[in-house]
Amino acid sequence: MTGSKRKWWKLAAVILILAVLLIFFRDSFVEGLQEIRKVPVQKVLLLLCLSMGYFLAEGGIIALLSRSCSQAVSYGKGVVCSLYCSFFRLVTFGSGSGIAEVYYLNRGGMKVAEATGMSLVQYLMQKVAICVMGAVSFFFCFSYVERYIGAYQGYIALAVGITMAIGAGIVLLTVFKRGKEALFSFLYKITAGKTAWEERIRKLSEQADILQDGAGRLYKKKGLLFAALALNFVKYFCWFLTPFVLYGDGRRLTFGISLVLMALATMLAGVIPTPSGYGSLDAMLILLFHPLIGEARVVSLVILYRVVVSLFPFLVGAVVAARPGGRDKEKEINKGGLENGK
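Residues numbered from 1 in each chain as written. Predicted model: local features only at pLDDT ≥ 70, side-chain atom pairs only at ≥ 80, totals over all residues. Heavy atoms only, no water.

Chemist: How should the overall build of the chain be read in this particular structure?
Modeler: If you tally the helices and strands in the chain, you get 15 helices and zero strands. Across the 342 residues of the chain, 48% fall into the buried class. For the chain, contacts bridging at least 24 residues in sequence account for 75% of all contacts bridging at least 6. In the structure as shown, the chain presents an accessible area of about 16,600 Å², 67% of it carried by carbon and sulfur atoms. (Helix = DSSP H or I, 4+ residues; strand = E, 2+ residues; numbered from the N terminus. Buried < 20%, exposed > 50% of the residue type's maximum accessible area, 1.4 Å probe, protein only. Contact = heavy atoms within 4.5 Å. Areas by Shrake-Rupley, 256 points an atom, 1.4 Å probe, with all protein chains shown as cover.)

Here's what the structure looks like:
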């Protein structure tokens, strides 16, 4: 499937999920917009500041991980890189953010192989952080799940299991070379004679080699690894406070409930194959927060959360990408690249 076709399939998947949500909540959509009008300007500004906090933490992660490469990146350039990627994340529905990061780092003097490996390790750590936060949140919120959405608890438990299995598989793949070789040997056998699939497996194998090389260098610097993992928790903390900032009441929607339900929603959305969680995350937010804040407010929450995590970073990132040399690469990045969906 070509890059153009993949992009259209992603767009179709997002439109389908959003259409279903609009059908089921069409009566609450206008009320949701009215709820947004009631949100104080101070809260909106606070949410935008928290959104920038995400990218400040992301910039720190990039700067830290780059220390394992031949060309280190300053903290300021790390922040600019994270915003640069946020622009291409929305433009390409997630598939261009990885190649955008590699391009930016390479333009700053880092080798392509090192930048690619670092980007993959960064994605790996992000997945591990989400896996840990989501799994812990499920156990903390089990009574809530059982009480309000008990009909879905089996599916949620399955999604938790799948996410933990994926996280464990990724970690094992980066640690054990023999495991990687055995896996791809098996994949080559079952795809023998299928040219298109063999080419995909070959590219995945190359990426796995790059990931192992990058991870191997980082494993020797465990301090950097743990610091970067801690910053991953910090950056999600900034976004996961959105429900509490908007509608926290200290009783039903508390500070803690906001964090754990957002972590759980993000993890569940990651199991549904949509680009960067567009549509699937919105559905999970509605499912988990609807019993607490009602239809009108949950619709307004979804809209404002998208503004905080997608539209606002896109606009700021557009300013970065519009600098000389930035927009020149948009067509190239749109053609494809690392589908890291960060």
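From this point on, the discussion continues.
Chemist: Would you take a moment to explain the packing of helix 3 (residues 41-65) against helix 11 (residues 222-240) for this structure?
Modeler: For the pair helix 3 and helix 11, interaxial distance at closest approach is 8 Å and the crossing angle is 170 degrees. When the interaxial angle is binned, helix 3 and helix 11 end up roughly antiparallel. The handedness of the crossing between helix 3 and helix 11 comes out as left-handed. Between helix 3 and helix 11, the residues in contact are Leu50, Ser51, Gly53, Tyr54, Phe55, Ala57, Glu58, Gly60, Ile61, Leu64 and Leu65 and Leu224, Ala227, Ala228, Leu231, Asn232, Val234, Lys235, Tyr236, Cys238 and Trp239, respectively. When its residues are assigned to classes, the contact of helix 3 with helix 11 shows 15 nonpolar, four polar and two charged. (Axes fitted to C-alpha atoms, helices over the stretch in contact; angles between N-to-C directions. Parallel < 35°, antiparallel > 145°, perpendicular 65-115°, else oblique. Left-handed = near helix turned anticlockwise from the far one by under 90°. Nonpolar A, V, L, I, M, F, W, Y, C, P; charged D, E, K, R; others polar.)

Chemist: Help me out: how do you make sense of helix 11 in this one?
Modeler: Along an α-helix, residues three or four positions apart point the same way, because every turn accommodates 3.6 residues. In a regular helix each residue adds 1.5 Å, so 19 residues correspond to 27 Å; helix 11 covers 27 Å between its end C-alpha atoms and thus fits that length. Among the residues of helix 11, Leu224, Leu225, Ala228, Asn232, Lys235, Tyr236, Cys238, Trp239 and Phe240 are the ones counted as buried. (Expected span 1.5 Å × (residues − 1).)

Chemist: For this particular structure, what's the right way to read the state of the cysteines?
Modeler: A disulfide bridge is the covalent bond that connects two cysteines by way of their sulfur atoms. Under the definition given, this model contains zero disulfides. As a non-bridged cysteine, cysteine 85 has cysteine 81 as the owner of its nearest cysteine sulfur, 4.3 Å distant. By relative accessible area, cysteine 85 is classed as buried at 2%. (Disulfide = S-S within 2.5 Å.)

Chemist: What exactly am I supposed to notice about the packing of aromatic side chains here?
Modeler: The relative placement of two aromatic rings is captured by the distance of their centres and the angle of their planes. Summed over all chains, the structure comprises twelve aromatic pairs. Here the aromatic residues Tyr84, Phe87, Phe88, Tyr103, Tyr104 and Phe314 are joined through ring pairs into a cluster of three or more. Above the plane of the ring of tyrosine 84 lies arginine 107, whose end atom (NZ or CZ) is 5.9 Å from the centre. (Phe/Tyr/Trp six-rings, centres within 6.5 Å; stacked < 30°, edge-to-face > 60°. Lys NZ or Arg CZ within 6 Å of the ring centre and 35° of its normal.)

Chemist: Help me out: how do you make sense of the nonpolar core in this one?
Modeler: If you look at the biggest cluster of nonpolar residues, it comprises 84 residues, and the most contacted ones within it are Leu105, Phe240 and Phe289. By residue number, the principal contributor to this core is helix 14 (residues 280-321), which donates 20 residues. Among all residues touching phenylalanine 289, those that are not within four sequence positions of it are Tyr144, Pro243, Leu253, Ser258, Leu261, Met262, Gly294, Val298 and Leu301. (Core = buried A, V, L, I, M, F, W, Y, C linked by side-chain atoms within 4.5 Å.)

Chemist: Please explain the confidence of the model for the chain as it appears in this structure.
Modeler: Note that predicted coordinates carrying low pLDDT should not be read in detail. Mean pLDDT for the chain: 79, with 82% of residues reaching 70 or above. Counted against residues more than four places away or in other chains, residues 330-342, with its pLDDT under 50, gives 45 contacts. (pLDDT = per-residue confidence, 0-100.)

Chemist: What should I look at first to understand helix 14 in this one?
Modeler: Here helix 14 is 42 residues long, yet its end C-alpha atoms lie only 27 Å apart, well below the 62 Å a rise of 1.5 Å per residue gives. Of all the bends in helix 14, the largest measures some 125 degrees and sits at isoleucine 293. (Bend = angle between axes of the 7 residues up to and from the residue.)

Chemist: Can you walk me through the side chain of serine 66 in this structure?
Modeler: Along the polypeptide, serine 66 turns up in the loop between helix 3 and helix 4 (75-91). Separated by 2.7 Å, the side chain of serine 66 and the backbone oxygen of alanine 63 make a polar contact. The contact partners of serine 66, leaving out residues within four places of it in the chain, are Gln71, Ala72, Val73, Met110 and Met118. (Polar contact = N/O pair within 3.5 Å; in protein donor to acceptor, adjacent residues only side chain to side chain.)

Chemist: Would you mind showing me how to read the pattern of salt bridges here?
Modeler: Close approach of charged atoms lets side chains of opposite charge pair. According to the stated counting rule, one finds six salt bridges in the structure shown. Residues glutamate 35 and lysine 38 are paired through a salt bridge, measuring 3.6 Å at the closest nitrogen-oxygen approach. On the criterion of helical spacing, the pair formed by glutamate 35 and lysine 38 is a turn pair, its members being three residues apart in helix 2 (residues 26-38). Taken together, the salt bridges that share partners define one network made up of Glu35, Lys38 and Arg297. (Salt bridge = Lys/Arg side-chain N within 4 Å of Asp/Glu carboxyl O.)

Chemist: For this particular structure, what's the right way to read the packing of helix 4 against helix 14?
Modeler: A pair of packed helices can be characterised by two numbers: the angle between their axes and the separation between those axes. Packing of helix 4 against helix 14 leaves a shortest axis separation of 7 Å and a crossing angle of 115 degrees. Relative to helix 14, the element helix 4 lies roughly perpendicular. The two elements helix 4 and helix 14 cross, and the hand of that crossing is left-handed. Taking contact as the criterion, the partners of Val80, Leu83, Tyr84, Ser86, Phe87, Phe88, Leu90 and Val91 in helix 4 are, on helix 14, Ser310, Pro313, Phe314, Val316, Gly317, Ala318, Val320 and Ala321. Of the residues assigned to the contact of helix 4 with helix 14, the class counts are 13 nonpolar, three polar and no charged.

Chemist: Whenever I open this one, a nonpolar patch on the surface confuses me. Can you help?
Modeler: Together, Val132, Val136, Phe140 and Phe233 make up a nonpolar patch on the protein surface, roughly 360 Å² of accessible area in all. The biggest single contributor to the nonpolar patch is helix 6 (residues 112-140), with three residues. Along the chain, valine 132 turns up in helix 6. (Patch = residues over 30% accessible without salt bridge, like charges linked within 9 Å, V, L, I, M, F, W, Y side chains within 5 Å.)

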